[in-house]
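# Remarks on the overall topology
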Amino acid sequence: MQKETVVTFENKRKFFLSEFSYFDGEYEVTFNIIDVNFDRQTITVAISRCGRISQDTFNLLRDKDGKLYFEYGLFYENKIGLDDFEQIEEDEE
């Protein structure tokens, strides 16, 4: 396996099922990462808002510091950084 392929796989595994929540001014919105495609520079997330769950794919962008984010909202006014996501801890029973 090439080094670049290994790094991409590790990054995908790092973000898989990670979660981020924020308040959009009206409701709490929760994002769960389903897939990050570094080749196409896209992210697919499950979005929970108002008891409704949807799925969407967004373009990944880089800020001036090189950190990845995507834009969300009616006018894509909210920057959601990949570094803001946290790994979901599984409960052991």
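Reading the values: rules and limits
Residues numbered from 1 in each chain as written. Predicted model: local features only at pLDDT ≥ 70, side-chain atom pairs only at ≥ 80, totals over all residues. Heavy atoms only, no water. Patch = residues over 30% accessible without salt bridge, like charges linked within 9 Å, V, L, I, M, F, W, Y side chains within 5 Å. Areas by Shrake-Rupley, 256 points an atom, 1.4 Å probe, with all protein chains shown as cover. Salt bridge = Lys/Arg side-chain N within 4 Å of Asp/Glu carboxyl O. Lys, Arg positive; Asp, Glu negative; His and termini not counted. Charge placed at Lys NZ, Arg CZ, Asp CG, Glu CD. Helix = DSSP H or I, 4+ residues; strand = E, 2+ residues; numbered from the N terminus. Buried < 20%, exposed > 50% of the residue type's maximum accessible area, 1.4 Å probe, protein only. Pairing = 2+ DSSP bridges. pLDDT = per-residue confidence, 0-100. Contact = heavy atoms within 4.5 Å. Phe/Tyr/Trp six-rings, centres within 6.5 Å; stacked < 30°, edge-to-face > 60°. Lys NZ or Arg CZ within 6 Å of the ring centre and 35° of its normal.

## What to know about a negative patch on the surface
A cluster of acidic residues, Glu-19, Asp-83, Asp-84 and Glu-86, forms a negative patch at the surface. With respect to the helices and strands, Glu-86 occurs in the segment after strand E7 (78-81). Judged by relative accessible area, which is 57%, Glu-86 ranks as exposed.

## Focus on the sheet that holds strand E5 (residues 61-62)
Here 3 strands make up an open sheet; going across it, the order is E5-E6-E7 and the pairing antiparallel. A strand with exactly one partner marks an edge of an open sheet, and here the two such strands are E5 and E7. Pairing between E5 and strand E6 (residues 68-72): 2 bridges, direction antiparallel. Directly across from Arg-62, in E6, lies its bridge partner Leu-68.

## Brief notes about the confidence of the model for the protein
Residues at a pLDDT of 70 or more form 75% of the protein, whose mean pLDDT is 81. Averaged pLDDT values for the elements of the protein fall to 47 in helix H1 (residues 3-15) and rise to 95 in strand E4 (residues 52-59). Segment residues 1-10: pLDDT under 50, and 2 contacts once partners within four positions in sequence are set aside and those in other chains are kept.

## Description of the packing of aromatic side chains
Ring pairs (aromatic) are described by centroid distance and by the angle formed between their planes. Taken as a whole and judged by the stated rule, the model has 9 aromatic pairs. Aromatic side chains Phe-20 and Phe-85 sit 5.7 Å apart centroid to centroid with 45 degrees between the ring planes, which places their arrangement in the tilted category. On the criterion of sequence distance, the pair formed by Phe-20 in strand E1 (residues 19-23) and Phe-85 in the segment after E7 is long-range, its members being 65 residues apart. Considered together, Phe-20 and Phe-85 belong to a single accessibility category, that of buried residues. Residues Phe-31 and Tyr-72 carry aromatic rings whose centres are separated by 4.9 Å and whose planes lie at 85 degrees to one another, so their mutual orientation is edge-to-face. Taken together, the positions of Phe-31 in strand E2 (residues 28-37) and Tyr-72 in strand E6 put the pair 41 residues apart, joining distant regions of the chain. An identical accessibility class is assigned to Phe-31 and Tyr-72; each is buried. Put simply, the rings of Phe-20, Tyr-22, Phe-31, Phe-58, Phe-70, Tyr-72 and Phe-85 pair up and form one aromatic cluster. Its end group placed over the ring of Tyr-69, Lys-79 keeps NZ or CZ at 4.8 Å from the ring centre.

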